[in-house]
Amino acid sequence: MKLKNKGRKIYKTKEKNYYGKSPVGKFFSALLSVLLIGGIGFLGYSVAGPWINYTRKQGDEEPSETETSEEEETSAEIQTENNEVSSVPESDDGTYKAFFISEYDMSNTESIETALGRVPQEQGIEYVEVPLKLQSGKLTYKTSSPLITDSEISQPEMTLREIVRTIKKEGYKPSAYISVFADNTIPKIYPQYSYMLTESLSAWQDRNDNFWASPFSSDYTDYLTFIADEISEAGFEKIICSDLSFPQFSDRDIEKLNDTRLESGARYTYLTDTANVLNKAITAHDSEMMIEVSASDVISGKAEVMKPLFLDSDTIVLNVNLEEISRGVDTGSTVYEFEGSVSENLLKVLELSEDEFSDFNVTVRISGGSNNTSDVLRAKDDIAEKGFTSFVLG
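Residues numbered from 1 in each chain as written. Predicted model: local features only at pLDDT ≥ 70, side-chain atom pairs only at ≥ 80, totals over all residues. Heavy atoms only, no water.

## Concerning the sheet that holds strand β5 (residues 288–294)
Taking strand neighbours around the barrel as the criterion, the eight strands line up as β1-β2-β3-β4-β5-β6-β9-β10 in a closed arrangement whose pairing is parallel. The average undirected angle you get between the axes of adjacent strands in this sheet is 30 degrees. Two strands pair when backbone bridges link them, and strand β2 (residues 127–133) and strand β3 (residues 173–179) are joined in this way by six bridges, in the parallel orientation. Looking across to β3, one finds that Val130 is bridged to Ala176. (Pairing = 2+ DSSP bridges. Helix = DSSP H or I, 4+ residues; strand = E, 2+ residues; numbered from the N terminus. Axes fitted to C-alpha atoms, helices over the stretch in contact; angles between N-to-C directions.)

## A short note on the pattern of salt bridges
Inspection of the entire model under this criterion finds 10 salt bridges. Arg261 is the partner of Asp259 in a salt bridge, and the nearest nitrogen-oxygen pair spans 2.8 Å. The salt bridge involving Glu304 is made with Arg267; its shortest N-O contact spans 2.8 Å. Of this pair, Glu304 sits in the loop between α9 (295–300) and β6 (315–321) while Arg267 sits in the loop between α7 (251–257) and α8 (268–283); the two residues are 37 residues apart in sequence, bridging distant segments of the chain. When its relative accessible area of 16% is taken as the criterion, Arg267 is described as buried. (Salt bridge = Lys/Arg side-chain N within 4 Å of Asp/Glu carboxyl O. Buried < 20%, exposed > 50% of the residue type's maximum accessible area, 1.4 Å probe, protein only.)

## Topic: the packing of helix α11 (residues 342–353) against helix α12 (residues 373–384)
The contact between α11 and α12 brings their axes to 8 Å, and the two run at 40 degrees. What the angle tells us is that α11 and α12 run oblique. For the element pair α11 and α12, the recorded crossing hand is right-handed. For the pair α11 and α12, the contacting residues are Val342, Ser343, Leu346, Leu347 and Leu350 in the first and Asp375, Val376, Arg378, Ala379, Asp382 and Ile383 in the second. Taken together, the residues that form the contact of α11 with α12 break down as seven nonpolar, one polar and three charged. (Parallel < 35°, antiparallel > 145°, perpendicular 65-115°, else oblique. Left-handed = near helix turned anticlockwise from the far one by under 90°. Contact = heavy atoms within 4.5 Å. Nonpolar A, V, L, I, M, F, W, Y, C, P; charged D, E, K, R; others polar.)

## Considerations on a negative patch on the surface
Side chains of Glu199, Asp251, Glu255 and Glu263 sit close together on the surface and give a patch of like negative charge. Within the secondary structure, Glu199 sits in the loop between α5 (186–189) and α6 (218–233). (Patch = residues over 30% accessible without salt bridge, like charges linked within 9 Å, V, L, I, M, F, W, Y side chains within 5 Å. Areas by Shrake-Rupley, 256 points an atom, 1.4 Å probe, with all protein chains shown as cover. Lys, Arg positive; Asp, Glu negative; His and termini not counted. Charge placed at Lys NZ, Arg CZ, Asp CG, Glu CD.)

## Description of the packing of α6 against α8
In contact at an axis separation of 8 Å, α6 and α8 are set at 30 degrees when each is read in the N-to-C sense. Taken together, the axes of α6 and α8 lie roughly parallel to each other. The interaxial crossing formed by α6 with α8 has right-handed handedness. Where α6 approaches α8, its residues Thr221, Leu224, Thr225, Ala228, Asp229 and Ser232 are matched on the opposing element by Thr274, Val277, Leu278, Ala281 and Ile282. Of the residues in the contact of α6 with α8, the class split is six nonpolar, four polar and one charged.

## Section: the pairing of strand β9 (residues 361–367)
In terms of burial, β9 is largely enclosed, as seven of its seven residues are buried. Both faces of β9 are covered, namely the face carrying Asn361, Thr363, Arg365 and Ser367 and the face carrying Val362, Val364 and Ile366. In terms of strand pairing, β6 meets β9 through seven bridges, oriented parallel. Within β9, the position partnered with Asn319 by the bridge is Arg365. Taking the sense of rotation as the criterion, the β-α-β connection linking β9, α12 and strand β10 (residues 391–393) turns out right-handed. (Right-handed = clockwise from strand over helix to strand, strands pointing away.)

## Thoughts on the nonpolar core
In this structure, Leu132, Ile163, Ile231, Phe236 and Leu318 are the most contacted members of the largest nonpolar core, which totals 89 residues. Of the residues forming this core, the biggest block, six residues, is contributed by α6. Phe236 has contacts with Val130, Leu132, Leu160, Ile163, Val164, Pro174, Ser175, Ala176, Ile231 and Ser287, leaving out every residue within four places of it along the chain. Judged by nonpolar contacts, the second largest core, of nine residues, contains Tyr96, Ile240, Met290 and Val317. (Core = buried A, V, L, I, M, F, W, Y, C linked by side-chain atoms within 4.5 Å.)

## Notes on α8
Relative to the 22 Å expected for 16 residues at 1.5 Å per residue, α8 spans 22 Å between its end C-alpha atoms, a close match to the ideal helical length. Those residues of α8 not exposed but buried are Tyr268, Leu271, Thr272, Thr274, Ala275, Asn276, Leu278, Asn279, Ala281 and Ile282. In the core, the buried residues of α8 are packed alongside α6, β4 (238–242) and β5. (Expected span 1.5 Å × (residues − 1).)

## Looking at α12
Across its 12 residues, α12 extends 17 Å between first and last C-alpha, which sits within 8% of the 16 Å expected from 1.5 Å per residue. Along α12, the residues classified as buried are Val376, Leu377, Ala379, Lys380 and Ile383. Taken around the axis of α12, the buried residues stretch over an arc of 155 degrees, which confines them to a single face. Summarising the contacts, the buried residues of α12 are in contact with α11, β9 and β10. (Arc of directions from axis to C-beta.)

This is the structure:
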């Protein structure tokens with residue numbers, strides 16, 4: 001990770017005020033203390049006795065049978081598996097080193113285990129990223145959201161805790177990937193979550209007939225918050241939020257939608273506000289949010305969410321899709337071509353976009369294309385020499 005200089009944090013504490021007491025006050029305080037100590041002793045004995053009996057080991061008196069809740073069983077199972085995981089060296093420099101699992105590996109826990117066998121060894125990889133909300137809007141796990149009742153939207157086989165346990169069992173830390181607004185599924189059920197056409201009051205579709213969820217919809221933001229909350233609560237340490245963006249509207253689209261917010265120079269605030277709502281839900285469970293942006297969008301000036309003064313999260317995942325940049329990046333005034341090696345193309349991307357991410361901590365994701373693994377790993381090492389030591393492969 002290329003780290004920005006955050007400076008030194010200063011933590012303040014409040015001092016309590018203590019006041020003296022009169023002799024009478026001291027007498028009653030002493031009497032109250034005696035009564036309180038006696039009460040605590042009696043209460044402690046009342047609670048400790050049954051508790052000791054309950055926790056006796058074999059060979060002692062048999063305890064009475066009690067029912068164990070499903071949550072307690074799950075907690076015990078997770079603890080057991082955590083004690084059995086293989087050891088993965090932990091970085092102490094704040095870097096993020098991850099391997100991304102494809103959505104095609106998310107059909108069940110067995111397919112995840114198979115995918116984990118493809119993690120490159122001796123690369124210091126600590127985290128495994130799994131896509132939980134796809135760009136189609138579909139979920140690869142069984143959600144508890146009351147809005148989702150269609151099995152075609154939510155994967156019915158796997159729960160979040162099962163995914164976490166599968167990853168931890170192999171010695172890795174779980175990270176989650178969710179696509180935010182590139183949602184072609186939910187608007188089919190709830191059209192009001194999308195951009196609405198003025199005349200027909202139906203959901204807008206792009207040139208590929210795909211729906212998009214709208215940052216203007218507070219109901220959709222509530223849905224996203226629920227998803228982020230249940231994912232972070234399940235034990236995913238990092239949550240990468242991608243597609244915090246607007247679709248590419250044509251002039252005719254803008255005319256049909258007739259929404260002045262789309263033409264406002266401050267429309268990015270709807271993206272940053274959503275990002276901050278998600279960040280609050282994620283950090284409430286001690287997870288960390290990271291915002292993924294496309295390298296092509298950054299170079300062409302389309303990554304509107306990258307407004308550090310308006311964001312609570314300060315970590316960016318720069319997704320360099322090698323297949324995408326191989327077609328060139330058009331900024332409107334210049335077309336940049338990437339015809340070199342993987343290393344050369346990566347270094348060129350970082351040079352072109354450096355000014356945009358200078359105020360963020362940066363993780364570089366190398367994705368797309370059918371490049372040789374050794375070329376990708378060599379490129380990863382080459383950008384590390386430039387200070388970009390955090391990476392995602394896949």
